[in-house]
Amino acid sequence: MERIKRSRIYAVLLCVLTVCTLTACEGNSTSATARSKTQEHTEIEGLEWQERADLSYAEGFVIEKYAEGFRLITVSEDAQYLIVPEGGEAPQGLKNDIRVINQPVSDIYLAATAVMDMFRSLDALDTIAFSGADAKGWYIAEAKQAVESGAMRYAGKYSAPDYEMLLSDNCSLAIENTMILHTPEVKEQLEQLGITVLVDSASNESHPLGRIEWVKLYGTLLGKEAEAERIFDEQVKTFTEIEQQVQKSGQSVVIFYLTENGAASVRSPSDYMVKMIETAGGNYIFDDLETDGQKSTSMTIQMETFYTRAKSVDYLIYNNSIGGEYENLEALLKKEPLLADFDAVKENHVWCVPKSLYQESMSTGELITDLYAILNEETPQTTYLYHLE
C-alpha cells in the first residue's frame, strides 16, 4: 500500500511539473486598481458584507468582514483569500482567483521565518506542521525545539520545498515571504498541488508598526482576531510612549552591511528600520536616496560613495541579520579596512543587529528602546543591539 501511495504521489508531481512547464497557470485575474484599498468593499454573492477591519499603519493588506464569521483578506499582488469559519461552506460561484481557506487552519508550511514570531505571540505554533528552515536556521527557541522534537518537520527551503512531503501529509497552506517571487515556478507548483500560497510582504511596510500590524492578518486567518488586536495595541502603546519621551539627539546614524562584491547595502529612506532610528531620536544620513519610485527595503551603493557620505557619521549599525555575522570590530575591519577611517569606529560607536532580529518580528518596542539607549547613554543596557568591540 505504501508503494502504491508513493507511486500516486510521484504521478501527481510529474503531472504538475509537466503542466507548469508547458502552459501558464490559468485563472481569472483582477487588476490592482479594482482591488485597491480605496474600494468600498468586495461583493461576494451569498455573503453579507459588514465592514472593513480597522488598520492603522499597514498598507500591504485589507481585511473585509462578512456575516457569520466569513472574512476576505486581500494581500498585495492582488491575492485574495476567503476565510471560511468552522462548519461553514464557501458560497457557490466564487471567483476562480479567490482562494478558500477553511478554519480551523492546520498543517501549515511556514517558509517566511519572520512570521513565526507572530504565530508564537498568538500561541498558534501547533498549526505549523512544516518549516522552511531546519533547526540550525531558527533563532526562536520554540521553533528550534519544535523542529528538533519532530513536532514541526523541515520541508525544504522556500526555493526547493519537499513537494512529496507536503502533498502526502496534507499541507493546506504555504506562507512565503517575498523571496518566492524570484522563483515563481515554485509558487505555481505548490498551487497546482492544491496548496494555497500566501505571500507575506510585511517587510515592505514603511512604518515599523505597519509591519507588526500583520499580526491582525494572521489573527484573522487563525480565528484569533481579539488576541491579535490586543497584541498590536500593546505594541502601539510601547511605541507611542517611547516616541513621546524621545528628544532629538542630533546623532547621525547609518545601518548597513557589506555585500560580497565589496559594496555597501544601506536601508532605503522608506524602510521601517529608518523610521525606528528617527523615532529613537537619530538622524539617518541616507534619508535622501532616490528609489526611483521602487518599493525596496535597501539600496546598494559603491564603497567610495559610502565612504564619502558616512565617514563622519556618529554611529554605525551593522546589519548582521543579512551581511554575515561579525563577533568583533577587528573582523569587520578585516572585511573592509576603509572603515578604520570612520569617526564612529574611532569613537567606539559601532553596534550590530544580530542574526536573530529578522525572526523577532514583534520586537519593535525593544529595538527602539535599544536605539534610544545607545544614542543617549554612555553605558547603555540593550536587549537586541550589541556593541562591536
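From a predicted model like this one, the values you see are computed outputs, not experimental measurements. Throughout, residues of each chain are indexed from 1 in the direction in which the sequence is written. Only residues with pLDDT of at least 70 are given local features in this predicted model, and only at 80 or more are side-chain atom pairs given and counted; all residues enter the totals for whole chains, interfaces and linings. For side-chain calculations, the full set of non-hydrogen atoms in the structure is used, while hydrogens and water are omitted.

Asks: What exactly am I supposed to notice about the overall build of the chain here?
Replies: Note on conventions: DSSP H or I runs of at least 4 residues are helices, E runs of at least 2 residues are strands, and numbering of each starts at the N terminus. In terms of regular secondary structure, the chain is built from 13 helices and 17 strands. Each of the 389 residues in the chain was classed as buried or not, and the buried ones make up 51%. Contacts spanning at least 24 positions in sequence make up 62% of the contacts within the chain whose residues lie at least 6 apart. Values of accessible area rely on a 1.4 Å probe in the Shrake-Rupley scheme; residue burial ignores everything except the protein chains shown. Accessible area of the chain: about 18900 Å², with a carbon and sulfur share of 46%. Relative accessibility decides the category of a residue: with a 1.4 Å probe and only protein chains considered, values under 20% of the type maximum give buried, values over 50% give exposed, and everything between is partly exposed. Working rule for contacts: check all heavy atoms of both residues, and any pair within 4.5 Å makes them a contact.

Asks: Would you mind showing me how to read the packing of helix α7 (residues 215-222) against helix α8 (residues 225-245) here?
Replies: Angle between the axes and distance between the axes are the two parameters that describe a pair of packed helices. Interaxial angle, 0 to 180 degrees, is taken between N-to-C directions of lines fitted to C-alpha atoms, where a helix line uses only the stretch in contact. Contact geometry of α7 with α8 gives a least axis separation of 7 Å together with a crossing angle of 165 degrees. By the criterion of interaxial angle, the relationship of α7 to α8 is roughly antiparallel. The handedness of the crossing between α7 and α8 is right-handed. In this structure, α7 contributes V215, K216, G219 and T220 to the contact, and α8 contributes E225, A228, E229 and F232. Under this scheme an angle from 65 to 115 degrees is roughly perpendicular, one under 35 degrees roughly parallel, and one over 145 degrees roughly antiparallel; angles in between are oblique. Handedness of a crossing follows from how the near helix is turned relative to the far one, being left-handed for an anticlockwise turn of less than a right angle and right-handed for a clockwise one.

Asks: Can you walk me through the sheet that holds strand β8 (residues 153-154) in this structure?
Replies: For two strands to be treated as a pair, DSSP must find no fewer than two bridges joining them. Strand order across the open sheet formed by 5 strands is β8-β7-β6-β9-β10, with parallel pairing between neighbours. For this open sheet the edge positions go to β8 and β10 (196-200), each flanked by a neighbour on one side alone. Direction of pairing for strand β7 (residues 128-131) relative to β8: parallel, over a ladder of 2 bridges. Looking across to β8, one finds that S131 is bridged to Y154.

Asks: I would appreciate a short explanation of the sheet that holds strand β5 (residues 98-102) in the present structure.
Replies: Hydrogen bonds between backbone atoms are what pair the strands of a sheet, whose relative direction is either parallel or antiparallel. Within the open sheet, the 5 strands sit side by side as β1-β2-β3-β4-β5. Their pairing is mixed. Edge positions in the sheet fall to β1 (49-52) and β5, since each of these pairs with one other strand and no more. Shown here is a sheet whose adjacent strand axes are inclined to one another by a mean of 25 degrees, direction ignored. The strands touched by α7 within the sheet are β2 (61-66), β3 (71-75), β4 (79-84) and β5, with β3 carrying the most contacts at an inclination of about 145 degrees.

Asks: How do you make sense of the nonpolar core when you look at a structure like this?
Replies: Side chains of a nonpolar character, in soluble globular proteins, are inclined to be buried together. What makes a nonpolar core is a set of buried Ala, Val, Leu, Ile, Met, Phe, Trp, Tyr and Cys residues whose side-chain atoms join them at distances within 4.5 Å. Core analysis: the biggest nonpolar cluster contains 98 residues, and I175, Y218, V254, F286, F306 and L316 have the highest contact counts within it. Residues in contact with I175, not counting those within four places in the same chain, are I108, Y109, L110, A111, A112, V115, F119, L198, Y218 and L221. Counting 18 residues, the second largest nonpolar core, distinct from the first, contains F130, M165, C171 and I195.

Asks: Please clarify how the pattern of salt bridges should be interpreted in this entry.
Replies: Side chains that differ in charge, positive against negative, can pair when their charged atoms come close. Any Lys or Arg side-chain nitrogen located within 4 Å of an Asp or Glu carboxyl oxygen qualifies as a salt bridge. With the rule as written, the count across this model stands at 14 salt bridges. Salt-bridge contacts for E191 lead to K187; the nearest nitrogen and oxygen are separated by 2.9 Å. Taken as a pair, E191 and K187 lie in helix α5 (residues 184-192) at a separation of 4 residues, close to a single helical turn.

Asks: Could you clarify how one ought to interpret the packing of aromatic side chains in this entry?
Replies: The description of two aromatic rings rests on the distance between their centres and on the angle between their planes. Side-chain rings of Phe, Tyr and Trp, where Trp is taken by its six-membered ring, are said to pair if the distance between their centres is within 6.5 Å; with planes under 30 degrees apart they count as stacked, over 60 as edge-to-face, and otherwise as tilted. Across all of its chains, the model carries 10 aromatic pairs by this definition. Aromatic ring contacts, followed pair by pair, group F256, Y284, F286, F306, Y307, Y318, Y326 and F342 into a single cluster. The cationic tip of R267 hangs over the ring face of Y272; the distance from NZ or CZ to the ring centre is 5.9 Å. The criterion for a charge sitting over a ring is simple: Lys NZ or Arg CZ within 6 Å of the ring centre, and within 35 degrees of the ring normal.

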